[in-house]
Each structure stands twice: as C-alpha cells, then as structure tokens.
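Understanding the architecture of this molecule
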Amino acid sequence: MDPAKAQRHIDRIGRFRILVMGRANAGKTTILQRVCNTTDNPEIFNGKGEKVDAAVVQGSLTRGHHNIEDELVFQSNPGFVFHDSCGFESGSVEQFDRMTKFVTDRAKTTQLDKRIHAIWFCIPLNESHRMVMAAERKFFDECDTGHVPVIVLLTKADTLSLEAVEKLMGQGMSVGDAMREAKKVEEKMLRDCLQRVKGWLNEKSFPPKDYLPLTGMQQEGAECTPLLTCTANALKEEGLQQLLISTQQSNLELCMEFAIMR
C-alpha cells in the first residue's frame with residue numbers, strides 16, 4: 001500500500017481499537033498505561049460516546065464486571081481505544097455469549113471506526129498452577145475472531161524471579177547464591193511456561209496468532225516496543241500497521257523498524 005492510500009485508510013478508521021481480555025488482576029490496566037506512557041486511569045465512554053463516571057466504572061473494573069462496549073481512552077494517547085472483557089472468566093454463560101457477540105460484531109462491522117483491530121489476551125504467570133483455565137480453553141475453542149489476530153500476553157512474568165530464588169534455596173543454596181543464580185532458572189521457567197501454554201492453546205479450534213511474555217511492566221517507562229511490534233506483525237493489512245505505528249510517533253525504534261520493512 002502506497003503512503004497516500006495508507007493515509008486515507010488511517011483517516012477513515014481514525015483510531016486503533018484493541019480488546020483486552022483476561023481474568024481480574026492479570027495486569028491489563030498496567031499494560032495499557034505503559035503502552036500509552038501514563039500512570040493515569042483512562043477516561044471511559046459508553047457506546048454512544050458519552051463520558052461515564054470513572055468512579056463507577058473503576059469499581060466495576062475492580063470486580064471484573066462492566067460493559068464491554070465501554071471505550072477506555074487515555075488522554076496521553078487518544079489514538080488508542082481499548083475495550084476490556086467482562087468477567088466471562090468467572091464462568092458466566094451470559095457474559096461469555098455477550099463477549100462472543102461483541103467480538104463477532106466488531107470484527108465484521110461495516111463501520112470502520114468501530115472495528116476492533118487486535119485482541120490482547122492476558123494470562124498471568126503469578127498463578128502458574130492454573131495458567132490456562134476452563135474460560136481460556138472455551139474462548140480458543142469456540143470464539144472465531146475472523147481476521148482479528150489474538151495475541152496471548154504472558155503477564156506478571158517477573159514473579160518467576162522469586163519462584164526461582166525459592167527453588168534454589170530449596171536445593172540448599174544460600175540466599176545470596178540463589179539470587180545470583182536465579183536468572184538462568186527464571187529464564188528456563190519462563191520458557192517452560194510458554195511451551196505449556198502453547199501446547200494447551202495451539203490444539204484449539206481458534207489458536208492465538210502469537211505469544212509474548214511481558215516483563216517489567218510495573219516500572220514506569222517500561223519497554224513496550226516488543227508488544228507493539230508483535231501486534232503490528234500480526235496484522236494482515238499494511239494500512240492497519242500504519243495506523244498502529246501512527247499512535248507511536250515518539251517510538252523511533254518502532255517507526256524505523258517498519259520503515260525498513262517497507
């Protein structure tokens with residue numbers, strides 16, 4: 001797609017729209033804040049574009065129940081619009097059906113400015129004993145997202161560091177030695193977690209497009225280029241890639257990488 005066509009495509013769509021999924025406390029809000037380079041909470045707008053009382057919505061977000069139609073927009077980067085899944089992970093058939101309808105409708109709508117362009121599915125690694133539960137399996141078995149790529153984000157990977165230290169101390173190491181040797185063990189644990197999740201989800205009817213472990217998201221100014229690069233690579237349309245890159249004009253590494261690719 002030549003630059004002029006890509007720009008017209010961007011002008012018609014306007015904003016890059018992402019559905020963020022995953023159980024409560026999976027680190028979703030933190031990731032969005034890092035991507036938008038802010039510590040503020042998003043402004044919330046309902047499906048009609050009307051601003052919603054943030055206090056009411058925040059309480060619902062904490063409980064994992066709210067309206068998936070709501071748009072989350074950060075003032076620091078209004079080029080993104082986020083939607084958050086509605087607690088279907090709790091096992092509610094009604095919530096799951098509502099989520100599926102939203103995905104289907106927003107993937108195919110003729111209103112280009114309302115389409116979702118990517119899905120980030122967060123799976124936290126601080127609960128390694130239950131990384132993939134029934135809700136995740138059900139989603140990848142039953143929800144056809146069409147052309148919209150789903151990227152599984154392995155969040156809270158930093159918690160493996162403590163697990164690695166505890167594992168080494170359990171083998172008789174001192175605290176100091178365990179902390180020095182923990183990095184290699186942590187990296188192996190992360191690789192093992194990734195392979196296990198891939199093994200569980202790749203056999204499903206609608207497997208993810210890609211997988212990405214995320215570390216350091218608790219730190220302000222955390223590096224988000226791998227996430228944005230992974231998302232851009234998963235998109236089939238160059239116009240959508242350009243739209244995503246346009247939200248990150250200050251990210252020279254990302255802009256240069258895709259300029260070279262073209």
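Scroll up to find the structure this text is about.
Residues numbered from 1 in each chain as written. Predicted model: local features only at pLDDT ≥ 70, side-chain atom pairs only at ≥ 80, totals over all residues. Heavy atoms only, no water.

Things to note about a nonpolar patch on the surface
Note the threshold: The residues that make up patches have over 30% relative accessible area and no salt bridge, and they are joined within 9 Å when like-charged or within 5 Å when they are Val, Leu, Ile, Met, Phe, Trp or Tyr. Accessible surface area values rest on a Shrake-Rupley calculation with a 1.4 Å probe, where residue burial reflects the displayed protein chains alone. Whenever a carboxyl oxygen of Asp or Glu lies within 4 Å of a side-chain nitrogen of Lys or Arg, that contact is scored as a salt bridge. Runs of E in the DSSP output that reach at least two residues are strands. Runs of H or I that reach at least four are helices, and both are numbered from the N terminus. Using a 1.4 Å probe on the protein chains alone, a residue whose accessible area is under 20% of its type maximum counts as buried, one over 50% counts as exposed, and one in between counts as partly exposed.
On the surface, a cluster of nonpolar side chains totalling about 290 Å² of accessible area is made up of Met169, Val175 and Met179. Structurally, Val175 can be placed in helix H7 (residues 175-201). In this structure Val175 comes out as partly exposed when scored by relative accessible area, which is 45%.

Here we look at the packing of helix H8 (residues 225-234) against helix H9 (residues 238-246)
The test is simple: Each axis is a line fitted through C-alpha atoms, and for a helix only the stretch in contact is used; angles between axes span 0 to 180 degrees, taken between their N-to-C directions. Here the angle decides the label: under 35 degrees means roughly parallel, over 145 means roughly antiparallel, 65 to 115 means roughly perpendicular, and every other value means oblique. Crossings are sorted by hand: turned counterclockwise from the far helix by less than a right angle, the near helix makes the crossing left-handed, and turned clockwise it makes it right-handed. Should any heavy atoms of two residues lie within 4.5 Å, those residues are counted as being in contact. Basically, the charged four are Asp, Glu, Lys and Arg, the nonpolar ten are Ala, Val, Leu, Ile, Met, Phe, Trp, Tyr, Cys and Pro, and anything else, Gly included, counts as polar.
Between H8 and H9, the least distance of the axes is 8 Å, while the angle of their chain directions is 160°. Regarding the angle of H8 to H9, the classification is roughly antiparallel. For the pair H8 and H9, the sense of crossing is right-handed. Contact with H8, carried on its side by Leu228, Thr231, Ala232 and Asn233, involves Gln241, Leu244 and Ile245 of H9 and no other residues of that element. Among the residues making up the contact of H8 with H9, the classes are represented as 4 nonpolar, 3 polar and no charged.

A look at the pattern of salt bridges
Enumeration according to the criterion identifies 13 salt bridges in this entry. Notably, a salt bridge pairs Glu136 with Arg23, separated by 2.8 Å at the nearest N-O pair. Residue Glu136 is found in helix H5 (residues 134-142), and its partner Arg23 is found in the loop between strand S1 (16-21) and helix H2 (28-35); the two are separated by 113 residues along the sequence. The exposure classification of Glu136 matches that of Arg23, with both residues buried. With its nearest N and O atoms 2.9 Å apart, the salt bridge here joins Lys51 to Glu43. A relative accessible area of 55% means that Lys51 is categorised as exposed. The structure contains a network of salt bridges with shared partners spanning Arg15, Arg17, Glu71 and Lys114.

Focus on the side chain of Gln33
On the secondary structure map, Gln33 appears in helix H2. Residues in contact with Gln33, not counting those within four places in the same chain, are Thr38, Thr39, Asp40, Asn41 and Phe74.

Some thoughts on the packing of aromatic side chains
The criterion, for reference: For this analysis, a ring pair means two rings from Phe, Tyr or Trp (six-membered ring only for Trp) whose centres lie within 6.5 Å, classed as stacked if their planes differ by under 30 degrees, edge-to-face if by over 60, and tilted for the remaining angles. Whether a charge lies above a ring is judged from NZ of Lys or CZ of Arg, which has to be within 6 Å of the ring centre and within 35 degrees of the ring normal.
Evaluated as defined, the whole model comprises 7 aromatic pairs. Summarising the aromatic geometry, the rings of Phe80 and Phe82 are spaced 5.3 Å apart at their centres and angled 20° between planes, so their arrangement reads as stacked. Residue class for Phe82 comes out buried when judged on its relative accessible area of 0%. Taken together, the ring pairs in this structure connect Phe16, Phe74, Phe80, Phe82 and Trp120 into an aromatic cluster. Across the ring face of Phe96, the terminal group of Lys138 is positioned such that the distance to the ring centre comes to 4.5 Å.

Structural notes on unusual backbone geometry
Although it is not a glycine, Asn37 sits at a positive phi angle of roughly 55°. Within the secondary structure, Asn37 is located in the loop between H2 and strand S2 (43-45). Using a relative accessible area of 62% as the deciding quantity, one classes Asn37 as exposed.

Overview of the pairing of strand S4 (residues 80-84)
Looking along a regular strand, one sees side chains alternate from face to face of the sheet. Definition in use: In this analysis, strands are considered paired if DSSP registers two or more bridges between them.
Within S4, 5 of the 5 residues are buried, leaving the element largely enclosed by the surrounding structure. Along S4, one buried face is formed by Phe80, Phe82 and Asp84 and the opposite face, lined by Val81 and His83, is buried too. The pairing of S1 with S4 spans 5 bridges and is parallel. By the bridge assignment for S4, Leu19 is matched with His83.

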